[in-house]
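Per-entry structural report
Now for the letters of each chain:
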Amino acid sequence: MMSQAYKEAGVDVEAGYKVVDLIKDMAGMASTFTKGVIGGVGGFGGLFAPDFTGYQNPVLVSGTDGVGTKLKVAFVLDKHDTVGIDCVAMVVNDVVCSGAAPLFFLDYIACGKNHPEKIATIISGMALGCRKAGCALIGGETAEHPGLMPQNEYDLAGFCVGLVDREALIDGSAIVEGDVVIGLSSSGVHSNGFSLIRHVLGEGEAALKQYHNELGCTLGEELLKPTRIYVHPILSLVKRVAVKGVSHITGGGLIENVPRILPKGLCAAIEPHSYPEHPIFSVVRREGGLSSRDMYGTFNMGIGMVVVVGKEEAGKAVTALVEAGEHPYLIGAVRRGEGVTLW
């Protein structure tokens, strides 16, 4: 029997049990299970037996991240079905930058009060994200923090482990002058830069429910579009082309993230007009009076992932990405210098 005193103190353990029951169905964790999963839902640890067949020198690649202040939009609109996808995307997109296939994912949800249906909705989004990424959601934790967090608010974090052969590891070291920079389109803001967006466009219900002709939807609907998951197209690409570098465009935008994969002495010369800028960035730039440096140093600007390949393989890479369902753009080239130049 649960402690009534603990419940009166603000922690409802029975609500946690209800969440577990809700996520056991086919829309929840079980729908993500791959052949490596051992056991079911509810244990103290998630068990996974990796298959190293075909790997000469297997390397595990790990990543962890959260959703940030994008959650503020979800709170105001009371819409929680997409932020779980964001949580998965932010992590698996980092992991696949090394060429690693995500194996399994775990989540952590901290909340002021455990509302089982809301938590289950968040986790169903995570399950959808994991299915898109081809990895198993094998465990997690929902922690109730009365007095520390407002009752209707929560925070999300995720952790993922992927697998790649050492010989196939992508680390940017092979990038040379003359290589081509290919951009993969984003769905919009993804999950970075929301503090600036809320400062510029407002964060109240009225602002988020305002319809924008440029966006074709309300501001809130646009901002809650989930982060795209690039696992399938990247893993498809590396089977057909010698990929030299992959960069997930997150906090710090193109200016901060692309240089992370470049050897010393090289820069990425990017042509901003080589691809269609997503309308949300035009709105933010205009309303905030922001410079190009502010925009490209904060947002993805319509490019969620960058891939670097040799010039001779650019056409083959574009074809492979299109066949994988992507909208790739030749956005620049590697030159002598440092960082990113916009021309």
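What comes next concerns the included structure. What you see is a predicted model; the values in this text were computed from it and never measured. (Residues numbered from 1 in each chain as written. Predicted model: local features only at pLDDT ≥ 70, side-chain atom pairs only at ≥ 80, totals over all residues. Heavy atoms only, no water.)

**Here's the deal with the overall build of the chain**
Within the chain one finds 13 helices and 14 strands. The C-alpha radius of gyration of the chain comes to 21 Å, within 12% of the 20 Å expected for a compact globule of 343 residues. In terms of overall dimensions, the chain has C-alpha extents of about 70 × 55 × 30 Å along its principal axes. Of all 343 residues assigned to the chain, the portion counted as buried reaches 52%. The contacts of the chain with a sequence gap of at least 6 include a subset with a gap of at least 24, amounting to 85%. Approximately 15,200 Å² of the chain is accessible, and the part contributed by carbon and sulfur atoms is 54%. Positive and negative charge centroids in the chain, built from 28 and 37 side chains respectively, lie 4 Å apart. (Helix = DSSP H or I, 4+ residues; strand = E, 2+ residues; numbered from the N terminus. Rg over C-alpha atoms; globule rule 2.2 N^0.38 Å. Buried < 20%, exposed > 50% of the residue type's maximum accessible area, 1.4 Å probe, protein only. Contact = heavy atoms within 4.5 Å. Areas by Shrake-Rupley, 256 points an atom, 1.4 Å probe, with all protein chains shown as cover. Lys, Arg positive; Asp, Glu negative; His and termini not counted. Charge placed at Lys NZ, Arg CZ, Asp CG, Glu CD.)

**Overview of helix H11 (residues 279-288)**
Looking at H11, one finds that the buried residues are Ile280, Phe281, Val283 and Val284. All buried residues of H11 fall inside an arc of 155 degrees around its axis, so they share one side. For H11, the elements touching its buried residues are helix H6 (194-201), strand S8 (211-212), helix H8 (219-223) and helix H12 (292-296). Glycine 289 lies just past H11 and shows a positive phi near 60 degrees. (Arc of directions from axis to C-beta.)

**What to know about the packing of aromatic side chains**
Inspection of the entire model under this criterion finds 4 aromatic pairs. Ring geometry for tyrosine 275 versus tyrosine 329: centroids 6.5 Å apart, planes at 45 degrees, classification tilted. Of this pair, tyrosine 275 sits in the loop between strand S11 (266-270) and H11 while tyrosine 329 sits in strand S13 (residues 328-336), placing them 54 residues apart in sequence. The class for tyrosine 329 is partly exposed, based on a relative accessible area of 25%. Centre to centre, the rings of phenylalanine 281 and phenylalanine 299 are 5.7 Å apart; their planes meet at 45 degrees, and the pair counts as tilted. Of the two residues, phenylalanine 281 is situated in helix H11 and phenylalanine 299 in the loop between H12 and strand S12 (303-309); the sequence distance between them amounts to 18 residues. Comparing phenylalanine 281 with phenylalanine 299 shows no difference in burial state: the two are buried. (Phe/Tyr/Trp six-rings, centres within 6.5 Å; stacked < 30°, edge-to-face > 60°.)

**Some points on the sheet that holds strand S4 (residues 101-111)**
Taken in spatial order, the 4 strands make up an open sheet running S3-S6-S4-S5, and their pairing is mixed. Whereas interior strands pair on both sides, the edge strands pair on one side only; in this sheet they are strand S3 (58-66) and strand S5 (136-144). Neighbour to neighbour, the strand axes of the sheet diverge by 15 degrees on average, direction disregarded. Note that S3 and strand S6 (residues 154-165) share 9 bridges and pair antiparallel. (Pairing = 2+ DSSP bridges. Axes fitted to C-alpha atoms, helices over the stretch in contact; angles between N-to-C directions.)

**Remarks on the pattern of salt bridges**
The tally for this structure, following the rule as stated, stands at 14 salt bridges. Note that arginine 198 and glutamate 203 form a salt bridge whose closest N and O atoms lie 2.6 Å from each other. Exposure remark for arginine 198: the relative accessible area of 14% places this residue in the buried category. Here glutamate 203 falls in the partly exposed class, since its relative accessible area comes to 40%. Arginine 240 is the salt-bridge partner of glutamate 323, the closest N and O atoms lying 2.6 Å from each other. Remark: arginine 240 occurs in the loop between helix H9 (231-238) and strand S10 (243-248) and glutamate 323 occurs in helix H13 (residues 314-323); sequence separation between them is 83 residues. By relative accessible area, which is 55% here, glutamate 323 ends up exposed. (Salt bridge = Lys/Arg side-chain N within 4 Å of Asp/Glu carboxyl O.)

**Some thoughts on the pairing of S12**
Every other side chain in a regular strand lies on the same face of the sheet, so the side chains alternate between the two faces. The element S12 is extensively covered by neighbouring structure, given that 7 of its 7 residues are classed as buried. Sheet analysis places strand S7 (residues 180-185) next to S12, joined by 6 bridges and oriented antiparallel. Bridge pairing in S12 links glycine 183 to valine 306. Across 5 bridges, S10 lies against S12 in antiparallel orientation. Bridge pairing links serine 247 to valine 306 in S12.

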